[in-house]
Amino acid sequence: MKGLFVLRKEEVSVKEFISFWSNLYHDGLVNDNSFEQKYSEKINNKLFSKDDILNLYTWKNTQKLSQKKLTGPFLKQVIKKLSIINKLKNKFDDADFEEQFGDFSDRPIWFIFLKHIIQPETFPIFDQHMYRSFRFIQNGVIEELSQNNNVVEIYEKEYVPFFKNIIFSNEKKIDEALFTFGKFIKDDASYWKAARRI
């Protein structure tokens with residue numbers, strides 16, 4: 001019989017982990033290459049246009065932005081401050097970023113993503129799936145990101161150093177691997193609780 005598979009609990013190198021899980025990102029989670037292009041074709045632009053920002057946030061949202069999000073205060077202010085974003089792309093200053101966008105730290109994932117699109121080599125992507133991967137890799141426990149967490153502080157003080165420690169080549173591949181693994185262990189949490197006993 002063909003098509004029968006098992007999952008093995010096996011310790012691997014960082015490189016093997018990234019390769020395995022980032023391949024699953026493309027094989028199963030992201031089937032629409034045009035959607036993925038919203039990110040890949042815009043992220044390295046020297047200057048952003050309004051459409052670039054909207055495409056990047058559409059990609060982050062994993063679906064078309066609702067009217068409420070499109071007209072909400074976060075994106076309105078980001079678009080309004082497009083020249084500041086482009087200036088920060090050229091020369092990032094954390095104090096300037098905080099002064100201009102610190103009011104939006106109550107939307108931590110989008111706030112962090114703004115930092116990422118301005119300086120993708122410095123600030124990795126972060127969301128609930130990356131957090132879940134990060135905590136599982138650290139301590140073998142499936143832990144969810146909650147509203148009680150200080151998300152921006154966890155990101156800056158814990159996740160960014162963790163991420164920088166595992167970089168070996170392509171940051172986007174690491175993002176894809178952590179996203180996929182984090183989604184997998186959420187969707188199959190009961191398996192992982194049992195696997196810890198093996």
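Scroll up for the structure.
Residues numbered from 1 in each chain as written. Predicted model: local features only at pLDDT ≥ 70, side-chain atom pairs only at ≥ 80, totals over all residues. Heavy atoms only, no water.

Draft legend 1. Structural view of the overall build of the protein. Looking only at helices and strands, the protein has 12 helices and 0 strands in total. Starting at the N terminus, the α and β elements of the protein follow one another as α-α-α-α-α-α-α-α-α-α-α-α. A fraction of 63% describes how many contacts in the protein between residues 6 or more apart in sequence connect residues 24 or more apart. When the accessible area of the protein is evaluated, it comes to approximately 11800 Å², of which 49% is carbon and sulfur surface. (Helix = DSSP H or I, 4+ residues; strand = E, 2+ residues; numbered from the N terminus. Contact = heavy atoms within 4.5 Å. Areas by Shrake-Rupley, 256 points an atom, 1.4 Å probe, with all protein chains shown as cover.)

Draft legend 2. Broad picture of the nonpolar core. If you look at the biggest cluster of nonpolar residues, it comprises 51 residues, and the most contacted ones within it are Ile53, Tyr57, Leu114, Ile117, Tyr159 and Leu178. If we skip the residues at most four places from it in the chain, Tyr57 touches Leu65, Phe74, Leu75, Trp110, Phe113, Leu114 and Ile117. (Core = buried A, V, L, I, M, F, W, Y, C linked by side-chain atoms within 4.5 Å. Buried < 20%, exposed > 50% of the residue type's maximum accessible area, 1.4 Å probe, protein only.)

Draft legend 3. The arrangement of the packing of helix α9 (residues 128-139) against helix α11 (residues 171-187) in detail. Packing of α9 against α11 brings their axes to within 7 Å, and their N-to-C directions diverge by 85°. Judged by the angle between their axes, α9 and α11 are roughly perpendicular. Note on element contacts: α11 touches α9 through Asp175, Leu178, Phe179, Phe181, Gly182, Lys183, Ile185 and Lys186, opposite Gln128, His129, Met130, Arg132, Ser133, Phe136 and Ile137. Looking at the contact of α9 with α11, its residues break down into 7 nonpolar, 4 polar and 4 charged. (Axes fitted to C-alpha atoms, helices over the stretch in contact; angles between N-to-C directions. Parallel < 35°, antiparallel > 145°, perpendicular 65-115°, else oblique. Nonpolar A, V, L, I, M, F, W, Y, C, P; charged D, E, K, R; others polar.)

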